[in-house]
Amino acid sequence: GESVGLHLPTLSVQEGDNSIINCAYSNSASDYFIWYKQESGKGPQFIIDIRSNMDKRQGQRVTVLLNKTVKHLSLQIAATQPGDSAVYFCAERATGANSKLTFGKGITLSVRP
Amino acid sequence: NAGVTQTPKFRVLKTGQSMTLLCAQDMNHEYMYWYRQDPGMGLRLIHYSVGEGTTAKGEVPDGYNVSRLKKQNFLLGLESAAPSQTSVYFCASSSYSDQYFGPGTRLLVL
């Protein structure tokens, strides 16, 4: 079946370095993608999104890249800070899916001081 | 503007007991969702609603029922709780694109 997955379960980075979190998706009918951040004991929080007619979108310290050819999504965090430590999820929405999202399993980002 | 709220925050049930989880949103969103989150499993959709008075099954609906009598509320019911339903439950709402999540309800079924 269709699924959204992440390449690595955990990622450890040094404070101040850039982080790159990768996500592979398999549903070629997906037209919308989101990255969420989930801190311990809290609900997922929207970070940034991108539509399938774009290949790059930038926010504050974050950039999402979409490569539809290889069905790959990445989240880049510039100058990673301790407050970025969390679990990150990618999610996709298939066209006509009544706004339903399919979530990946999540990756833990750990920032070393 | 409270966003999405969930009650209760934590609950312990015995096998066979019933309970209802309440989700409320004040953003006038049409769509609402219930997910469960288990370690290593990500978020799995239980049921969802595309508008007041409507409900639909998600990926893991067995053992749960839902109701959306008012646009701002989405209730998740467990008629006869089982240990396999021990999980963290999240409610979310959306207008169409990104979803806004509540803080979660931790449920332990003994």
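Before any of the text, the structure's been laid out above.
In this text the structure is predicted, and so the values were computed from the model without any measurement.

A. Just the interface of chain A and chain B, in detail. If you look at the interface, chain A gives 20 residues, while chain B gives 21 residues. The three residues of chain A that bury the most area against chain B are S99, K100 and F103 of chain A, which together make up 30% of that side's buried surface. Across the chain A-chain B interface, the total number found is 0 salt bridges. In this structure, the connection of chain A to chain B is made through 3 residue pairs in polar contact (both at pLDDT 80 or more). Elements that contribute at least two residues to the side of chain A that touches chain B include exactly β4 (30–38), β5 (45–51) and β9 (86–94) of chain A. The element contributing the most residues to the side of chain A that touches chain B is β4 of chain A, with 4 residues. Tallied by class, the residues present in the side of chain A that touches chain B amount to 8 nonpolar, 7 polar and 5 charged.

B. Geometry of the state of the cysteines. All names here are of chain A. By the definition in use, this model includes 2 disulfides over all chains. Sulfur-sulfur distance for the disulfide between C23 and C90 comes to 1.9 Å. Note on the C23 and C90 pair: the S-S dihedral is about 55°, so by sign convention the disulfide is right-handed. Highlighted residues: C23 in strand β3 (residues 19–25) and C90 in strand β9, separated in sequence by 67 residues.

C. Structural detail: the packing of aromatic side chains. One pass over the structure, following the stated rule, counts 8 aromatic pairs over all chains. Here Y36 of chain A and F103 of chain A contribute two aromatic rings whose centre-to-centre distance is 5.7 Å and whose plane-to-plane angle is 45°, an arrangement assigned as tilted. You can see Y36 of chain A sitting in strand β4 and its partner F103 of chain A sitting in strand β10 (residues 102–103), a full 67 residues away along the chain. Judged by centre distance (5.4 Å) and plane angle (90°), the rings of F103 of chain A and Y35 of chain B are edge-to-face. Note that F103 of chain A is positioned in strand β10 and Y35 of chain B in strand β4 (residues 31–38), a pairing that runs across two chains. Pair check on accessibility: F103 of chain A and Y35 of chain B agree, each one buried. Feature note: the residues Y36 and F103 of chain A together with Y33, Y35 and F101 of chain B constitute an aromatic cluster, connected by ring pairs.

D. The nonpolar core, seen in detail. Judged by nonpolar contacts, the single largest core of 21 residues is most densely connected at I21, W35, L73, L75, Y88 and L109 of chain A. For this core, the elements supplying multiple residues, two or more each, are β2 (10–14), β3, β4, β5, β7 (62–67), β8 (72–77), β9 and β11 (107–112) of chain A. Excluding anything up to four places from it in sequence, L109 of chain A contacts L11, V13, S19, I77, T80, D84, S85, A86 and Y88 of chain A. Counting 19 residues, the second largest nonpolar core, distinct from the first, contains W34, L76, Y89 and L107 of chain B.

E. Here's a closer look at the pattern of salt bridges. Residues and elements named next belong to chain A. Under the definition given, this model contains 8 salt bridges over all chains. Here R93 ties to D31 by a salt bridge, and the two come within 3.4 Å at their closest N and O atoms. Residue R93 is located in strand β9, and its partner D31 is located in strand β4; the two are separated by 62 residues in the primary sequence. For R93, a relative accessible area of 3% gives the class buried.

About the cut-offs
Residues numbered from 1 in each chain as written. Chains lettered and ligands numbered in written order. Predicted model: local features only at pLDDT ≥ 70, side-chain atom pairs only at ≥ 80, totals over all residues. Heavy atoms only, no water. Contact = heavy atoms within 4.5 Å. Buried area = accessible area lost by both parts, 1.4 Å probe. Salt bridge = Lys/Arg side-chain N within 4 Å of Asp/Glu carboxyl O. Polar contact = N/O pair within 3.5 Å; in protein donor to acceptor, adjacent residues only side chain to side chain. Helix = DSSP H or I, 4+ residues; strand = E, 2+ residues; numbered from the N terminus. Nonpolar A, V, L, I, M, F, W, Y, C, P; charged D, E, K, R; others polar. Disulfide = S-S within 2.5 Å. Phe/Tyr/Trp six-rings, centres within 6.5 Å; stacked < 30°, edge-to-face > 60°. Buried < 20%, exposed > 50% of the residue type's maximum accessible area, 1.4 Å probe, protein only. Core = buried A, V, L, I, M, F, W, Y, C linked by side-chain atoms within 4.5 Å.

By themselves, these figures tell us nothing about what the structure is for.
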